[in-house]
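# Structural description and commentary
Take a look at the letters that make up each chain.
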Amino acid sequence: MLKQVLIGVVCCAVLLTVGIILGHLIPRGSSAPDWVKDVARDVDESLIEKFLTEVDNMQIQENLRELTKVPHMATTAGDEKTVQYMLKRWQDPDTGLDQAWREEYMVYLSFPDPNNPNKVTVVDSSSAVLYAAREKEKPYGPDQEDPDVVQPYAAYSPPGHPQGKLVYANQGKPSDYKLLNQTVDLRGTIAITRYGGAGRAAKAINAAPYGVLGVLVYTDPLDINDGLMSDNETFPHSWYMPPSGVERGSFNTHYGDMLTPYLAAKEETYRIPVENITGVPPIPIQPIGFEDAYALICQLGGEPAPAPEWQGAFNCTYNFGGPGFKPTSSFSNSDVKLDVFNRGEIKNSSNVMGVIRGSVEPDRYVIYGNHRDSWVHGAIDPSSGTSVMLEVTRVLGGMVKQGSWRPRRSIIFGSWGAEEFGLIGSAEYAEQYSAKLSERTVAYINVDISVFANATLRASGMPSVQNVIFKAAKQVKAPGLDSTSVYDNWIQFSNRTSPTYGTIPKVGFLTGAGSDYAAFVHYLGITSMDISYTYDRTKTKARIYPAYHTAYDTFEYASKYIDPGFTSHQAVARTAGNVLIRLADSLVLPFNCSDYAEGLEAYLDATVELFQDDLAAQNISIEPLKRAVARFRSAAAHLDQVIQRSDLVNETPLKVRRINDQLMLLDRAFLDPLAFPDKYAFRHVIWASSSAGQLTFPGLYDASFKALASGLERDWLEVHRHLSILSQAIEGAAHTLVDVI
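We now turn to the structure provided with this report. Remember, it's a predicted structure, so these values are computed and weren't measured experimentally. (Residues numbered from 1 in each chain as written. Predicted model: local features only at pLDDT ≥ 70, side-chain atom pairs only at ≥ 80, totals over all residues. Heavy atoms only, no water.)

### Notes on the side chain of His72
Going by this rule: Where helices and strands are cited, they refer to DSSP runs of H or I of at least four residues and of E of at least two residues respectively, numbered from the N terminus. We call two residues in contact when some of their heavy atoms are within 4.5 Å.
Inspection of the secondary structure assignment puts His72 in the loop between α4 (57-67) and α5 (77-90). Those residues in contact with His72 that sit more than four places away from it in its chain are Leu67, Gly78, Asp79, Thr82, Arg372, Asp373, Ser374, Val376, His377 and Ser383.

Have a look at this one:
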């Protein structure tokens, strides 16, 4: 009995002691440690309102003015000035980020020879020059007269001096050369093509098998200027491209540094021989202005090219070429000669990186990026996006420095280098840090050209992000329309009918490699989006804003014709910044897998309509794909219910983390490194690039289209392979959305 009493006394003493200790350790008046509240914290709507209020259009204007003072082509002295400017802003003690630094890569670029400008001439049989195209664009002000304005050229075109009779090849598509070759012997000719329809490099790659020696490319006024051509109708009198304007560009089909495929281009990295580079023009190619194209095309002989597909805005009939010029032309019996002196160089290119560290999940990243380099002054491409990014970081950085906010997850900002040469800076970053980024990145937000024009928002991304973009757009006022939100304005210009939501704004898909989202989407499988403001398609048919990649893309052009007052820039900053905060701060990531299911179902419907009967005729069943999409829909609905029915604020942090990992890693499940052996760094089986004229599964479409054209058994076997890859990838993705086992 005594023993039991003593044991009871000892137990009570121990419990009392523990209670006293806990009483000292746990703060009075608090039922839980502070970290518990932090872990359960959700996005703060009042902070978003504060952010929206503080985004200043005049700050954006001054950012753009500073960024466009000098031409800043990649790796030039002007580019280094922008590097220093970004570092200065992101290291500012009052509005900067937690940390900012430069990340350097040694990359292979292509430049014209400043001492031997590229030339395009018409020469007679004695080599006398009858006509010479402009070597530089016509100056209308000091911006075009800057000595650092690079002459128009085709980056990665090989050097050479081809000479031959001229032919017109429309857009340089495979079908264009095939049709032209049925009428004209293309061996030994020079082809002139217009932008659009096929990629830049493809215009030369498609030509070479026919014996074409060289290619010219120009922008037709029909495609960029709504047909306007005269000097008094174009810049500086309007936003349209002037007659001497030339679109520069990178003429390669791959993205990233071409000498270090799948490896980060560091100084010590293994490099393939230059002669082993693929995806570049095999023959010289040179861009010219439409005033020079007019002088050449309107003198061509031969049969008239098909109307309306091959005809443009010139007040003459576009002929195929005899080959060569009309007998009545002053250029009769003359050749066109290209003198291209391009050279390749390995240069040091810098990304500028910055970070705001997360307070709860610092190992989860939301990345926001845009490239910094331009072909000339680059006011719209890319500095409109950089000026917006700098304003977003100024406001968020100020909140961090003031101690009023720190995001739940880390935010990484990237100012990518050498994008214009093939998305190089972002691709090298993705290659160098692929393991870390694949494991930890929640999403990537790309804001490149932030404002094409000032009519409406435009957004593209994985279907799972559409609702967070919609939510942000509903909170931002449309420029000049105080009673209308960006969302309500957007839905008037571009919309679609959703089986779930009815009429909603149309969000595009990131199916190609048009900007720095490419490595994040196609190589790493990271949920991504691209956000901008654009023009009213009912008022212009311009392929892109008319000063694109010319010497006229200046601060004057942007402030006078694209966005006077910079209120569209402000709307993009508010919308993209709102999305950024929600991705960084939401307790549960604002991704909707059922919206992804709707996207897959739309792709499936297109596939069934296009190919089901043809596949059945080859004893290839599409049923596995139908079952996989249905299973994905079911799994997505299950995860939606788990999220909706759970009181996640009061759940264990591990359950919230598990759900967020399912949402974060969904797109990784669609990666297959063996699916597209002929497409460099394309691994995402849903969003890879395709020749499809409509939205459907890329690998299956391309394989089916080829098999239908050839009828070969091996091509139908490839169709079956892609069908299996696709079905199993979708089914595998569905399994990631259900419970652990």
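### Some remarks on the state of the cysteines
So the rule is basically this: The term disulfide is used for any two cysteine sulfur atoms that are within 2.5 Å. A 1.4 Å probe rolled over the protein chains alone gives each residue an accessible area, and that area as a share of the maximum for its type sets the label: buried under 20%, exposed over 50%, partly exposed in between.
By the definition in use, this model includes one disulfide. The disulfide partner of Cys298 is Cys316, and the gap between their sulfur atoms is 2.0 Å. Given an S-S torsion of about -75 degrees, the disulfide between Cys298 and Cys316 has left-handed geometry. Here the residue Cys298 occupies a position in the loop between α10 (290-297) and β11 (335-339), and Cys316 occupies one in the loop between α10 and β11, the gap between them amounting to 18 residues. Cys316 gets classed as partly exposed once you look at its relative accessible area, which sits at 22%.

### Focus: the packing of aromatic side chains
Our working rule: Each Phe, Tyr or Trp ring (for Trp, its six-membered ring) is paired with any other whose centre lies within 6.5 Å, and the angle between the two planes then decides the class: stacked below 30 degrees, edge-to-face above 60, tilted in between. Throughout this description, the term charge over a ring refers to an Arg CZ or Lys NZ atom that lies within 6 Å of the ring centre and within 35 degrees of the ring normal.
Applying the stated criterion across every chain yields a total of 48 aromatic pairs. For the pair Tyr131 and Phe331, a centre-to-centre distance of 5.9 Å together with 55 degrees between the ring planes defines the contact as tilted. Taken together, the residues span a long stretch of sequence, with Tyr131 in strand β3 (residues 129-132) and Phe331 in the loop between α10 and β11 at a distance of 200 residues. Judged by centre distance (6.1 Å) and plane angle (40 degrees), the ring pair of Tyr596 and Trp687 falls under tilted. Taken together, the positions of Tyr596 in helix α19 (residues 593-617) and Trp687 in the loop between α21 (653-665) and α22 (698-710) put the pair 91 residues apart, joining distant regions of the chain. When sorted by exposure, Tyr596 lands in the same class as Trp687, which is buried. Site record: aromatic cluster; members linked through ring pairs are Tyr140, Phe235, Phe452, Tyr545, Tyr548, Tyr552, Tyr557 and Tyr561. Directly above the aromatic system of Tyr523 lies the positively charged group of Arg683, at a separation of 4.6 Å from the ring centroid.

### A short note on the environment of Tyr131
The criterion, for reference: Any pair of nitrogen or oxygen atoms within 3.5 Å is treated as a polar contact; in protein, a donor-acceptor pairing is required on top of that, and neighbouring residues in sequence qualify only through side-chain atoms on both sides.
We classify Tyr131 as partly exposed; its relative accessible area is 22%. When neighbours within four sequence positions are excluded, Tyr131 is seen to be in contact with Val120, Thr121, Val122, Glu291, Asp292, Ala295 and Phe331. Here the side chain of Tyr131 touches Asp292 through a polar contact of 2.5 Å, side chain to side chain.

### Section: the nonpolar core
Note the threshold: Here, nonpolar core refers to any group of buried Ala, Val, Leu, Ile, Met, Phe, Trp, Tyr and Cys residues whose side-chain atoms link them within 4.5 Å.
Core analysis: the largest hydrophobic core is formed by 229 residues, its most contacted members being Phe413, Phe421, Tyr545, Phe632 and Ile730. For this core, the leading source of residues is helix α23 (residues 713-737), giving ten residues. Non-local contacts of Phe632, meaning those with residues more than four positions away in its chain, are made with Cys593, Tyr596, Ala597, Leu600, Leu666, Phe670, Ile730, Ala733, Ala734 and Leu737.

### Notes on the packing of helix α20 (residues 623-645) against α21
Put simply, the test is: A fitted line through C-alpha atoms serves as each axis, taken over the contacting stretch for helices, and the angle formed by two N-to-C directions is quoted from 0 to 180°. Throughout, a crossing is termed right-handed when the near helix is turned clockwise from the far one, and left-handed when it is turned anticlockwise from it by less than a right angle. By the convention adopted, Pro, Cys, Tyr, Trp, Phe, Met, Ile, Leu, Val and Ala count as nonpolar, Lys, Arg, Asp and Glu as charged, and the other residues, Gly among them, as polar.
At a closest axis distance of 12 Å, the pairing of α20 and α21 adopts a crossing angle of 145 degrees. Viewed along their axes, α20 and α21 form a crossing whose handedness is left-handed. Residues Leu639, Val642 and Ile643 of α20 form the contact with α21, whose participating residues are Ile659, Gln662 and Leu663. A class-by-class count of the residues in the contact of α20 with α21 yields five nonpolar, one polar and no charged.

These figures come from the coordinates and say nothing about function on their own.
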